[in-house]
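What the coordinates show
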Amino acid sequence: METALLLAGKITELTLIVLMGIALVKSKLLTSEHSRTLSVIALYLISPSVMIHAFQIENTPEILDGLKLSVTLAVAFHILLIALGRLFKTLFKLDTLEHAATVYTNSGNLIIPLVMSVFGPQWVIYTSGFIIVQTLLFWTHLRLLLCGSGKLSWKTVFTNINILSILFGILLFACQIKLPRIIDNTLATVGGMIGPVAMLVAGMLIASLPLKEIVLLKRIYLTAFLRLILIPLILLLFVKISGIAHLGGHSDTVVLISFLATVSPAASTVTQMAVIYGQNARKASAIYGITTLFCVITMPLMIGLYRLAV
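Model, not experiment: these values are computed from the prediction.

1. Observations concerning the nonpolar core
The tendency in soluble globular proteins is for nonpolar side chains to be buried side by side. One finds Leu-114, Leu-260 and Met-299 to be the most contacted residues of the largest nonpolar core, which totals 88 residues. With ten residues, helix α3 (residues 61–92) is the single largest residue contributor to this core. The residues contacting Leu-114, other than those within four sequence positions of it, are Leu-7, Lys-10, Ile-11, Leu-14, Phe-119, Leu-260 and Met-299.

Encoded structure:
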């Protein structure tokens, strides 16, 4: 339960930053459109800095085993998420955005700062498996969901700055190449901004939403229930039955980190792609905003259940 309490405290801190973002827009000091600037900084500077710095550690058999488990779990969890998404789409007649929101989580923007705060920066490396698998799926499966059809741009996938930063970090890790201390410290300092910046962007986006309309949209609450409660419970059952958390070494914490990535709010990338591919960006933003606010309660609850069950 200690982990759940630490998580609850950190999520509460991040939620207060969301409220600060809302206040900036409501006070007319900034507009929601200014969130794009912060998003670019987070995507092209902060996130790559986090991942490169995360791989600046000693190469040990235990860490290698943890990384292999991280990637394996990422593939397994995404197969389950995609399968559950298709099932719930049929059962609940989900539209494209609702379907996408049940499958894809805000694993990068939210999980990295949570892992850094709750477990320590040395554990961030184990988020890389989930992030790289999800990023590949963003530009393949999610793109197909939102635009219906079209040729996949593999060049876009493999030139994505986050994929490249992870691959670069892995190269440095495999060859045990240590960056100069001043460079590594700079990356660590920049990476430390990922939580506050991501939450400020969330708040600025939420501030532009018509809250009265959102409150009356029952479908958003259905999507939030599926994303934050039902799907995590099903994945928790999978973890319990499979026994993967008891493989020894770092497996218990690696599995918990991977599980944490699956119980987070709907991905902000769904909103960004909704704009690009002509979907209902306002609804996508509403789903993102509501699930981000509700996760203050649901994520600690799910981690508490995880600790009790596993």
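2. What to know about the packing of helix α4 (residues 96–103) against helix α6 (residues 128–147)
In contact at an axis separation of 9 Å, α4 and α6 are set at 165° when each is read in the N-to-C sense. In this view, α4 runs roughly antiparallel relative to α6, as classed from their interaxial angle. The interaxial crossing formed by α4 with α6 has left-handed handedness. Along the contact surface, α4 presents Thr-96, Leu-97, His-99 and Ala-100, while α6 presents Leu-142, Leu-145 and Leu-146. Split by residue class, the contact of α4 with α6 holds five nonpolar, two polar and no charged.

3. Side note on unusual backbone geometry
When glycine is set aside, most residues are seen to have a negative phi, and most peptide bonds are trans. In this structure, Lys-28 is a non-glycine residue whose phi angle is positive, near 65°. The topology assignment puts Lys-28 in the loop between α1 (2–26) and α2 (35–54). Judged by relative accessible area, Lys-28 falls into the exposed class, the value being 74%.

4. Focus: helix α12 (residues 218–242)
Between its first and last C-alpha atoms α12 spans 35 Å; for 25 residues at 1.5 Å apiece the expected length is 36 Å, and the two agree. Where α12 bends most, the angle comes to about 40°, and this point is Leu-226. Listed in full, the buried residues belonging to α12 are Ile-220, Thr-223, Ala-224, Leu-226, Arg-227, Leu-228, Ile-231, Pro-232, Leu-235, Leu-236 and Val-239. Just beyond α12, the residue with positive phi is Gly-243, at close to 70°.

5. Considerations on a nonpolar patch on the surface
Where nonpolar side chains cluster on the molecular surface, the patch consists of Leu-233, Leu-301, Leu-305 and Leu-308 and spans about 370 Å² of accessible area. Relative to the helices and strands, Leu-308 is located in helix α15 (residues 281–309). Here Leu-308 falls in the exposed class, since its relative accessible area comes to 67%.

6. A look at α15
A bend of about 55° at Cys-295 is the largest found in α15. Between the side-chain oxygen of the N-cap and the backbone nitrogen of Lys-283 there are 3.1 Å, and the N-cap of α15 in question is Asn-280.

7. Re the side chain of Asp-184
Here Asp-184 is to be found in helix α9 (residues 181–191). The charged side chain of Asp-184 is buried without a salt bridge, its nearest counter-charge being Arg-181 at 6.6 Å. Among residues more than four places away in sequence, those in contact with Asp-184 are His-53 and Gln-56.

8. A short note on the environment of Pro-113
Looking at the secondary structure, you find Pro-113 in helix α5 (residues 107–118). In sequence terms Pro-113 and Ile-161 are 48 residues apart; their C-alpha atoms lie 19 Å from each other.

About the cut-offs
- Residues numbered from 1 in each chain as written.
- Predicted model: local features only at pLDDT ≥ 70, side-chain atom pairs only at ≥ 80, totals over all residues.
- Heavy atoms only, no water.
- Core = buried A, V, L, I, M, F, W, Y, C linked by side-chain atoms within 4.5 Å.
- Buried < 20%, exposed > 50% of the residue type's maximum accessible area, 1.4 Å probe, protein only.
- Helix = DSSP H or I, 4+ residues; strand = E, 2+ residues; numbered from the N terminus.
- Contact = heavy atoms within 4.5 Å.
- Axes fitted to C-alpha atoms, helices over the stretch in contact; angles between N-to-C directions.
- Parallel < 35°, antiparallel > 145°, perpendicular 65-115°, else oblique.
- Left-handed = near helix turned anticlockwise from the far one by under 90°.
- Nonpolar A, V, L, I, M, F, W, Y, C, P; charged D, E, K, R; others polar.
- Expected span 1.5 Å × (residues − 1).
- Bend = angle between axes of the 7 residues up to and from the residue.
- Patch = residues over 30% accessible without salt bridge, like charges linked within 9 Å, V, L, I, M, F, W, Y side chains within 5 Å.
- Areas by Shrake-Rupley, 256 points an atom, 1.4 Å probe, with all protein chains shown as cover.
- Salt bridge = Lys/Arg side-chain N within 4 Å of Asp/Glu carboxyl O.
- Polar contact = N/O pair within 3.5 Å; in protein donor to acceptor, adjacent residues only side chain to side chain.
- Lys, Arg positive; Asp, Glu negative; His and termini not counted.

Read these as spatial facts, not as claims about activity.
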